[in-house]
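Residue-level structural notes
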Amino acid sequence: MIFDVLIPLIAALPLAGFALTAVVGRRLDKEAHWLPVGMVLASWVLSMIVAFSALTASGPFADGGYGVKLWDWIPAGTFNVQAGLFVDNLTACLLIVVTTVGLLVHVYSIGYMAHDAGYWRFFAYLNLFMVSMLILVLGDSFLTVFVAWELVGLSSYLLIGFWYRKRSAALAAKKAFIVNRVGDVGFALGIMAIFASTGTLDIRASIEHLISGAPLAVPLPVIALLVFTGAVGKSAQFPLHVWLPDAMEGPTPVSALIHAATMVNAGVYLVARANPIFGRAPEVMVVVAAIGIFTAILAASIAFTQTDIKRVLAYSTLSQLGYMFAALGVGAWTAAIFHLMAHGFFKGLLFLDSGSVIHAVHDEQDMRRMGGLWRRIPITYWTMLIGAVAISGIPPLAGFFSKDEILGEAFKNGFLWVWAIGFVVAGMTAFYMFRLMGLTFWGESRVDPEVEPKIHESPPAMSIPLVLLAIPSVLLGLAIGFPPEDGLLHRWLAPVFEETEQAMGRHAAAYQFFGIDGVLFIATVGIAAIAIVVAWRIFGVELLGLRLRPRRELATDATTANGLTRFLYRASLNKWWFDDLNDLLFIRIGGRVAMFLWWFDRTIVDGAVNGIGALTGDAGRGLRRIQTGRVQNYALGIALGLLVMAGSYLLIVGR
Amino acid sequence: MGIPDTIPILGIRWEDVLFVILAATMLGTGLLVVTMRDIIRCGLAMIACFGALSGLYVLAGAPLVAAAEVLVYIGAISVLILFAIMLTQTKSAPARLVFQTQAVPAAIAAVVLAIVIALTVSATDWGAVGQRIAAGSEEIARTLFSGYLLPFEVVSVLLLAAVVGGVFLAKQERGEPRL
Amino acid sequence: MSWSDVATIAPLVVAVLAAVAVLLVDIVLPGRPRPAIATALIGLAVVAIVVLLTGRSDSQAFGGSYTVDALTTFLDVLFVAIIALTVLFAPDYLEPRGLPIAEFSSVLIFALAGIMLISAATDLLLLFLGLELMVLPGYLLVGFAKRDPYSTEGAIKYFLLGSFSSAIFLFGLAFVWGLTGTTRADGVADALGQMASGARPVSAGIAMGLAFMTTGVAFKIAAVPFHYWTPDAYQGSPTPVTGYLSVGPKVGAFALILRLFVEALGPLRADWLGVIFVLAAITMTLGNLVALTQSNVKRMLAYSSIAHTGYMLVGLAAYAAGRIEGLEGLLYYGAAYAFMNLGAFAVVAALQKRQGVTSSLDTFAGLGRREPILGILMVLFLLSLTGIPPLAGFFAKAYVILAAVQAGGTVGLLAVIAMLNAAAAAFYYLRVIVYMYMREPATEQPALEHGRLLWSGLAAASVLTIAFGLLPGPLLDTVRAAARAIAVF
Amino acid sequence: MAITDLPLVSAITFVPLVGAILIAFIPRDSVGAIRIAALVTALVAWVLSLFMLLGFLPGRPGFEFVEVAPWIPTFGIEYKVGVDGLSAVLVVLTTTLTWISILASFSPIQTRVKEYMVSFLILEVGMIGVFVALDLFLFYVFWEIVLVPMYLIIGIWGGPNRIYATIKFVLYTLVGSLLMLVAILATAFAYQSGHGGDWTGAFDFESLRAFAATSGFADTFQLFAFGAFFLAFAIKVPMFPFHTWLPDAHVEAPTAGSVLLAAILLKLGAYGFIRFAVPLYPSAAHTWAPLIIVLSLIAIVYGAIVALVQPDLKKLVAYSSVSHMGFVTLGIFVFQPQALQGAILQMVNHGLITGALFLLVGVIYERTHDRTIAKLGGLSAPTPVYAAAFGFFVFASIGLPGLSGFVGEFLTLVGTFQVSPWAAAFATSVMIWAAGYLLWMYQRMFFGEVTDFLHSVGHHLVDLRPIEVLTLVPLGTLVVVLGVFPGLVLTVVSGTVSSVLASVDSASAVNLAFWQ
Amino acid sequence: MTNSLDAYLILAGLLFAIGTFGFLARRNAISMLMSIELMLNAVNLSIVAFGAFIEPLRSQGAVIALIVMAVAAAEATVGLSIVIAIYRNKRTPLVDEYDAMRQ
């Protein structure tokens, strides 16, 4: 069977790329990109073949997917985990996003990283990430997924900390890894719970067992909650969202690939993958929805005031991921995956654009030192504008279809509160995106005068991927999401989610444009449009030839106002003080606890040991004093001993 | 044998009187030995003590032992000790304290020891206690050379070893200060 | 007295003759060490041969007051070996100090006669005489370096306290004799057996006699609280004498215990068990605790020897509680201890070949580098003393512990106490190794030339120390036979 | 003649002794010859052990390559050695790390090379002996033999405070092991009493196990005997709160000493639990298990948290050992097949990973003569290969899947989860702590700008030398191989696992109800 | 009455105690030696007394007493030689000044 080779090759090729580059990359120097990029390209081709076969349900995929078993990984008696890969339609969708964005980011990096000393290292890491991410979506057992889960964490760590000399980068890398680990603990426990309940870790087999109604060692909601914890960590949802903005310390292609388009979606993928479990744990679904939508509004509120271009995008990513979880929580499985794919493309695009901007202004990331760039870097500008429109949810771009579907299903599935918050967030999204556009591309230039003359458009290696990414950002929605709720994607994913949706008893009515769906449509688009206009008013966005003098004072008013406005402004600026809270909890208090335990170890535990030793020595020193050196003292001792001895014997004998 | 067994008026047996006198002498001189300041007088008191002791041996019906006591202790050991006293007598020595600082505890210990022994002795049934019987020299000799031949020979080896070592230790090496 | 009597005591006679012969050789060839040493060693060899010949069959002499059995033979061979090793170790120490080897050897062999007498005596009076014959040469040997104030100080302390304890012992002996009516061990045992079985009353006098005798014996084996003489006498003695003193009179005194307590006083086992238990516990504990604080190796080993007394007493206690393994363990311990301890002191003595070298720990600094072979040997002996397998000290310790465990109950507690002690003891033994290998000396000194006798003695001691641990079989069989000879159940 | 007729186990055990004796006769100035001889000896033992592993039939619960010879027949003590899966794996681990350690000592050890190499080879004898001894007395002999060379290695070639550390190590270990001796003797005696006073087989592990299986040992007796064994093994492992000798010993020990201390010596205790304590005293093992599990959990988290604030690299790794070994004891005493297999795998992994970490610490110490983390920084730039190697083993230690550390820990946790989810949850939290202290250390060492201190080291600060790479590559390879194919170990030890668990009757699993 | 075994034994005990006191309390080495002689004589007295009053011990008593005397003589010889040797070194017979070795 050809797929027995193809599927493993998808992951194996980047692995080979990583291994070879790691060994010989240093010698290849500036040519180091050929091997990794080639491998990813090959991998992309294979992925496309596999995805096409799967989505068309041709060949071996006819029966809902096809799996390959590689070897007995952990043969520990009843605990027998096989290393195996499995492709179904969900995996295929993810494969498309991962390999496509991955390939384009690889290409983009050729230009972006061209002058970096660690050129070969960067490509080695990127390939490592590709391997990990591909295994994550391909893995056929929870443990395999967990392996990849950790490996993407490792790649993320390596890439965030790529510029290790920067202390902030090193700290951010560590923070990302550790915060992720918090979630991983939950995921790991979830896997243990699954094994304890089902005796297997094969995803399909264990899920089948879990939903069969057989008695379980661990209640289903608990398992779902534990698995969700893992997703929360990896997808940076509240309260484990703190690592993602810091992760922007990594090179921008990394932010695009890992922290926007692929890895952070792993949580969404995991929940979607485990949809039968979640579907039977409605209480957990509410938690998922709540955390998702809360993260969405929280992140959006922070994005309002950030001045670092990448951070705005990072918070935007958080917010959009929140949308996805909200979708999962309300049972809009397909919509979540839809948004995942769309977001993967347009957020990848936005990040690469921001990288292009940063490149152009010589590694400046502060938007207060940009402005008026649109004429200088037109490709970047236009592609980024496409991305911004897409994310704002303006039809007919990709973001509109997915977002509209999420909000629509939330409303129709009875999660009015989710819809309401999501609705507000939609407006906020459009606002902060156009704030970004305004500050970056329009108005007068605030660029450092020294840099000003050197601003230039990026090389083709960078600009071509931008263009290529802009295409799906525009067309994806129309291609697979239209007509609403009955697009291609819905048909693809129906085998994956159908059963759960039936179990949840939600038979969505047909899409009624001239009904509730139409109203929601208008509302969503409307608030986005209003937000864009407001941003335009404040930040001088020039849109479709309309130009307005920026009224930045409206923004500055907020910073100087009193009362609630001021509080909100400060909260947004300080990211709702989460970093300070963590600092207090983990660095100051946690550090004190650790120091205390160390003190305890030295003084009490070891002190007891040394104390016994010292006590022994003291006893010896005390006892040696009876050796006075004088015979008569000795004799008296003997005489007293004799008397005691006599007394003892008299007592013993007289007994 | 004209002397009666008892003192006429008091009705106390002569032997008892003698015993008491000898015992008192022995204990008294013994105490002097351990308490007197002048060590030479201590030595002399010890000779007196041993004399009284040999008297007691006679009373106990062991004249041979009594004779040996006089010969060995008074004749040999005491003289040896007196010689040693002379040899080691420094001019400054007598002014010093006789007793250790622990004389009082020592006294208490000794008294307790004496009491314990006395109580034990009186609490013990010594079995077939008969009247005093004097053992004849001939009998002693027979015992010595039959049952106690080996001990007798060992004693000679012991004395030989003591003499060999004692001579080595006490003899003056060349270049050593005279005593 | 018959010829068979003479034949039975032949080893004793030969030993005395050997002692006299050494003196005579010295008179004929004055001031020449070699002939004296040769005579002594040949004499000891003859003694050993005669012991083995006599020991081929059990016999008694002098009306049962002198017994040759497996125990006698085992102890005699052991003692001859101890004395022979001491003679081998002595010249390197004595000659530079101008001390005569002839008198030394002669007096030593007189002591051997005393110990051999103890090992064979089944008569209280003979036991006392053997004891005196063993310790009197000991007093002299401690003071043998008569111009050394430490040596004479040690001697007078040892002598005064020793005589004191002898008097105490004798007083107890008199009481027991008076109450049992005989000095023969079997007779005493019979009489006490009747008392133990209730046929005759156990009187206060017996208690007093036991108390006085236990005190006397406890003094000789250096059990706490009668150990005071040990550190001072050991430290003051010329080092080869210390080595001898730490094993000869100690194991000799244990032989006395075997003949006196195990044989004669055996029926009162239950009575002296408690006392031995307490003595064992406090002896090993005090010995080890104080040894921890010593900075003088000889003094440290003195305290260590006190501790080893405690371990041996554990075996005795186990025996008293009804396990013959206790006795076997005690004997095994004695043999193992003898060679490892002699070896350790021999190394100290070898270092002191250069006059003025003290036995403080600093002397050992850098020894491992300066004299590698001596260093390795010292490590071997110290590890054996610590009880690290597979060396003699380990198996010996395991043996007495096994006995205590078998005895169970309260005596089993002794096993735990002993092991905790052994752990503490490791500190001071290992500290010597610290000095030898992990500290550098203040002043670098050249290596010394050591005599061939010393090397051969060390070789013998180390081989036995290893052999008794690695291949305990032969010695094991011997001590089992020896224990069976006297154990009564 | 079949392969099993050869005295292969004895050969593996005593080849290093022969080598040590031969080295003793090489003149002390021929340092090169001494080093080569030691390395060759260790390699011979290694090859023999690999041969044994290949010839070993996996999955069978019994002992293979058994050799018996009477030793002290009076007490039924025999020279009896043999291997089962567990022993075989650990013997190979020992021989592997020994030659690596010897190779790693070539450059750092310049004084008293002869004594050093002899000590190392004798240490190897003791370690292998412990793993192959099937007679309790013989086991104890080897157990104690291990102490002496390690005492010398730390004491002679160690750091400034080496004497304190080495004496603490020896005394602490002795306290436990001497009480274990009492328990061994008592066990043998109990067997002898149970067999009409016949000592035959009283020290033989197999006959004792059979006797224990028939409930030969009284419950009360088991409690005390197990207690003594527990103390000895807990100190060796070391379990909280008996662990404080470990940081001191590690800090002072020379690099190779640390390697063997962490990689093998700590395993002796865990091996003792699996081989002796649990099968011989099954009822006591059940009684003691809750306490041991709690101590293990404390060790896991406590060790990790204390490691967070260690200023000294070696201390940090030492405390991480406490934490990691906590998994081993946890895995043993939940009496679950996965957990026990995980514990054994964890033993191997910890040996490889921590051994490698100590080698790596030794590399920087050799160059800078300092291990204070605060003084290091930015090492990635001047020494990239070193940084990569260090990073690799740091992530292995964190338990990154794909590397060996993960599988052992995860299996342990899975087994634990089935007994007590709360215990498993508590232990799993170490995933966070471990990442915390290791990554923080890694960040401080390798990221940021090169510190002034390192600048002052100047040209001594070179990247890994070929010989150092040579010591690390086998370990790294094994870490990857065992991460991807842990079955290599798991199948070999499965026989041991089933026989051990059969003896404790895991069906009546530990009663942890009081805290569930 | 007084002339009984008990009386002799108590007398011996008292002499023994006196000797013990002397040994414990006196500073001069020779005084201590004399005290020991007193103790040995006390033992001898008890031995003779046993021999005198207990029939089976009749002849043994004297023999043992004689042998003990000889032992005492040997001890005295050794003791005095040691005293002389140490006097050469320390120039004092007072034992409480012999405390170079302690603890």
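None of these values were measured; they are calculated from a predicted model. (Residues numbered from 1 in each chain as written. Chains lettered and ligands numbered in written order. Predicted model: local features only at pLDDT ≥ 70, side-chain atom pairs only at ≥ 80, totals over all residues. Heavy atoms only, no water.)

1. Remarks on the overall build of chain D
Helices and strands together make up the secondary structure of chain D, namely 20 helices and two strands. The globule rule puts the C-alpha radius of gyration for 516 residues at 24 Å, and the 22 Å found for chain D is close to it. Each of the three principal axes of chain D carries a C-alpha extent, and together these read 75 × 60 × 40 Å. Here chain D holds 516 residues, and the buried ones make up 72% of them. Element-wise, carbon and sulfur atoms account for 70% of the exposed surface of chain D, whose accessible area totals about 13800 Å². (Helix = DSSP H or I, 4+ residues; strand = E, 2+ residues; numbered from the N terminus. Rg over C-alpha atoms; globule rule 2.2 N^0.38 Å. Buried < 20%, exposed > 50% of the residue type's maximum accessible area, 1.4 Å probe, protein only. Areas by Shrake-Rupley, 256 points an atom, 1.4 Å probe, with all protein chains shown as cover.)

2. Details of the overall build of chain B
Across its full length, chain B carries six helices and zero strands. Tracing chain B from N to C terminus, the helices and strands come up as α-α-α-α-α-α. A buried classification covers 45% of the 179 residues belonging to chain B. Long-range contacts, defined here as pairs at least 24 residues apart, represent 54% of the contacts in chain B between residues at least 6 apart. Carbon and sulfur atoms form 71% of the exposed surface of chain B, whose accessible area is close to 9100 Å². (Contact = heavy atoms within 4.5 Å.)

3. Looking at the pattern of salt bridges
The tally for this structure, following the rule as stated, stands at 37 salt bridges over all chains. One salt bridge in this structure joins Glu150(A) and Arg181(A), with 2.6 Å as the shortest N-O distance. Of this pair, Glu150(A) sits in helix 5 (residues 142-160) while Arg181(A) sits in helix 6 (residues 167-198), placing them 31 residues apart in sequence. Arg181(A) shares its class with Glu150(A); the two are buried. In this structure, Lys353(C) and Asp92(C) form a salt bridge, with 4.0 Å as the shortest nitrogen-oxygen distance. Of this pair, Lys353(C) sits in the loop between helix 14 (324-351) and helix 15 (367-370) while Asp92(C) sits in helix 4 (residues 70-94); the two residues are 261 residues apart in sequence, bridging distant segments of the chain. The network of salt bridges with common partners includes Glu153(C), Lys157(C), Asp232(C), Arg299(C) and Lys90(E). (Salt bridge = Lys/Arg side-chain N within 4 Å of Asp/Glu carboxyl O.)

4. Section: the packing of aromatic side chains
This model, assessed by the stated rule, comprises 106 aromatic pairs over all chains. With centroids separated by 6.4 Å and ring planes inclined at 70°, the aromatic side chains of Phe139(D) and Phe233(D) adopt a geometry described as edge-to-face. Residue Phe139(D) is found in helix 5 (residues 136-157), and its partner Phe233(D) is found in helix 8 (residues 219-236); the two are separated by 94 residues along the sequence. Residue classification places Phe233(D) among the buried residues on the basis of a relative accessible area of 0%. Above the face of the Trp598(A) ring, Arg602(A) is positioned so that its terminal group lies 4.0 Å from the ring centre. Over the ring of Tyr365(D) we find Arg371(D), and its NZ or CZ is 4.8 Å from the ring centre. (Phe/Tyr/Trp six-rings, centres within 6.5 Å; stacked < 30°, edge-to-face > 60°. Lys NZ or Arg CZ within 6 Å of the ring centre and 35° of its normal.)

5. Details of the environment of Arg184(C)
Tracing the backbone through its elements, the reader meets Arg184(C) in the loop between helix 7 (149-180) and helix 8 (185-196). For the pair Arg184(C) and Ala264(C), spaced 80 residues apart in sequence, the C-alpha to C-alpha distance is 8.0 Å. In contact with Arg184(C), not counting residues within four places along its chain, are Gly147(B), Phe62(C), Gly63(C), Gly64(C), Ser65(C), Thr122(C) and Asp123(C). Side-chain polar atoms of Arg184(C) contact the side chain of Asp123(C), separated by 2.4 Å. (Polar contact = N/O pair within 3.5 Å; in protein donor to acceptor, adjacent residues only side chain to side chain.)

6. Points about the interface of chain D and chain C
Bring the parts together and some accessible area is lost; that lost area is often taken as the interface size. Contacts between chain D and chain C engage 33 residues on the former and 39 residues on the latter. When chain D packs against chain C, close to 3200 Å² is buried across both sides, 80% of that on carbon and sulfur atoms. Across the contact surface, chain D and chain C share one salt bridge. A salt bridge links Glu440(C) to Arg112(D), with the nearest nitrogen and oxygen atoms 3.4 Å apart. In this structure, the connection of chain D to chain C is made through five residue pairs in polar contact (both at pLDDT 80 or more). Among the elements of the structure, strand 1 (64-72), helix 5 and helix 6 (162-194) of chain D are those that each provide at least two residues to the side of chain D that touches chain C. Top element by residues in the side of chain D that touches chain C is helix 6 of chain D. It accounts for 16 residues. Along the lines of polarity and charge, the residues of the side of chain D that touches chain C split into 25 nonpolar, four polar and four charged. (Buried area = accessible area lost by both parts, 1.4 Å probe. Nonpolar A, V, L, I, M, F, W, Y, C, P; charged D, E, K, R; others polar.)

7. Comments concerning helix 5 (residues 137-146) of chain B
Listed in full, the buried residues belonging to helix 5 of chain B are Ile140(B), Thr143(B) and Leu144(B). For helix 5 of chain B, the arc enclosing every buried residue in end-on projection is 100°, short of the 170-degree limit, so these residues lie on one face. Relative to its buried face, helix 5 of chain B has exposed residues pointing more than 90 degrees away, namely Glu138(B) and Arg142(B). Residues of helix 5 of chain B that are buried make contact with helix 3 (63-88) and helix 6 (149-170) of chain B together with helix 3 (58-90) of chain E. (Arc of directions from axis to C-beta.)

8. Notes on the pairing of strand 2 (residues 77-83) of chain D
Residue and element names in this part refer to chain D. In terms of burial, strand 2 is a largely internal element, six of the seven residues being buried. Pairing of strand 1 with strand 2, which is carried by six bridges, proceeds in the antiparallel orientation. Bridge pairing in strand 2 links Glu 64 to Val 83. (Pairing = 2+ DSSP bridges.)

9. So, the interface of chain E and chain B
Contacts between the two partners involve 71 residues from chain E, matched on the other side by 86 residues from chain B. Buried area between chain E and chain B, summed over both chains or domains, comes out near 7000 Å², and the portion from carbon and sulfur atoms is 75%. Contact with chain B buries surface across chain E, with Arg26(E), Met34(E) and Arg88(E) losing the most and accounting together for 11% of the total. Summed over the shared surface of chain E and chain B, the number is zero salt bridges. Summed over the shared surface of chain E and chain B, the result is five residue pairs in polar contact (both at pLDDT 80 or more). Residue assignment for the side of chain E that touches chain B shows that the elements contributing at least two residues are helix 1 (5-25), helix 2 (29-53) and helix 3 of chain E. Here the residues of the side of chain E that touches chain B are counted per class, giving 47 nonpolar, 14 polar and ten charged.

10. Focus: the environment of Met39(E)
Structurally, Met39(E) can be placed in helix 2. Note: C-alpha distance between Met39(E) and Ile64(E) (25 residues apart in sequence) is 16 Å.

11. A short note on the nonpolar core
Counting 825 residues, the largest nonpolar core has Phe79(A), Phe278(A), Phe203(D), Phe333(D) and Phe390(D) as its most contacted members. Looking at this core element by element, the count peaks at 21 residues for helix 14 of chain C. Other than its neighbours up to four places away in sequence, Phe278(A) contacts Ala224(A), Val227(A), Phe228(A), Val271(A), Val284(A), Met285(A), Val288(A) and Trp333(A). (Core = buried A, V, L, I, M, F, W, Y, C linked by side-chain atoms within 4.5 Å.)

12. Some remarks on the packing of helix 11 (residues 282-308) of chain D against helix 17 (residues 430-446) of chain D
Angle between the axes and distance between the axes are the two parameters that describe a pair of packed helices. Residues and elements named next belong to chain D. Across the interface, helix 11 lies against helix 17 with an axial gap of 9 Å and an inter-helix angle of 20°. If you check the angle between helix 11 and helix 17, you find them roughly parallel. For the element pair helix 11 and helix 17, the recorded crossing hand is left-handed. Mapping the contact onto sequence places Ile 300, Val 301, Ala 304, Ile 305, Ala 307 and Leu 308 in helix 11 and Val 430, Trp 433, Gly 436, Tyr 437, Trp 440 and Arg 444 in helix 17. Of the residues that constitute the contact of helix 11 with helix 17, the class distribution is ten nonpolar, one polar and one charged. (Axes fitted to C-alpha atoms, helices over the stretch in contact; angles between N-to-C directions. Parallel < 35°, antiparallel > 145°, perpendicular 65-115°, else oblique. Left-handed = near helix turned anticlockwise from the far one by under 90°.)

13. Regarding the confidence of the model for chain D
All names here are of chain D. Residues at a pLDDT of 70 or more form 96% of chain D, whose mean pLDDT is 89. For chain D, helix 18 (residues 452-457) is the element with the lowest average pLDDT, namely 84, and helix 4 (residues 113-132) is the one with the highest, namely 94. Note on residues 506-516: pLDDT under 50 across the span, and 27 contacts to partners over four residues away in sequence or across chains. In the model output, the complex is listed with pTM 0.92 alongside ipTM 0.91. (pLDDT = per-residue confidence, 0-100.)

14. Remarks on the side chain of Arg269(C)
Here Arg269(C) lies in helix 12 (residues 269-291). In this view, Arg269(C) contacts Tyr319(C), Ala320(C), Val488(C) and Phe489(C); residues no more than four positions away in its chain are not counted.

15. Notes on the pairing of strand 2 (residues 79-87) of chain A
Judged by how many residues are buried, strand 2 of chain A sits mostly within the fold: seven of nine residues are covered. Linkage of strand 1 (residues 66-76) of chain A to strand 2 of chain A, two consecutive antiparallel strands, is achieved through a turn of two residues, within which Gly77(A) is found at a positive phi near 60°.

16. Some remarks on a nonpolar patch on the surface
Residues and elements named next belong to chain A. A surface patch of nonpolar side chains, amounting to about 680 Å² of accessible area, comprises Ile 379, Ile 464, Val 467, Leu 468, Ile 471, Leu 475, Leu 478 and Phe 482. In terms of residue count, helix 19 (residues 460-480) provides more of the nonpolar patch than any other element does, six residues in total. With respect to the helices and strands, Ile 464 occurs in helix 19. (Patch = residues over 30% accessible without salt bridge, like charges linked within 9 Å, V, L, I, M, F, W, Y side chains within 5 Å.)

17. Here's the deal with the confidence of the model for chain B
Predicted confidence across chain B gives a mean pLDDT of 81, with 79% of residues reaching 70 or more. Of all the helices and strands in chain B, helix 5 of chain B carries the lowest mean pLDDT, 78, while helix 4 (residues 103-123) of chain B carries the highest, 91.

18. Structural notes on the side chain of Ser473(A)
All names here are of chain A. Along the chain, Ser 473 turns up in helix 19. Judged by relative accessible area, which is 0%, Ser 473 ranks as buried. Not counting residues within four places of it along the chain, the set of residues in contact with Ser 473 comprises Phe 345, Phe 346, Leu 349, Ile 386, Ala 390, Leu 397 and Ala 398.

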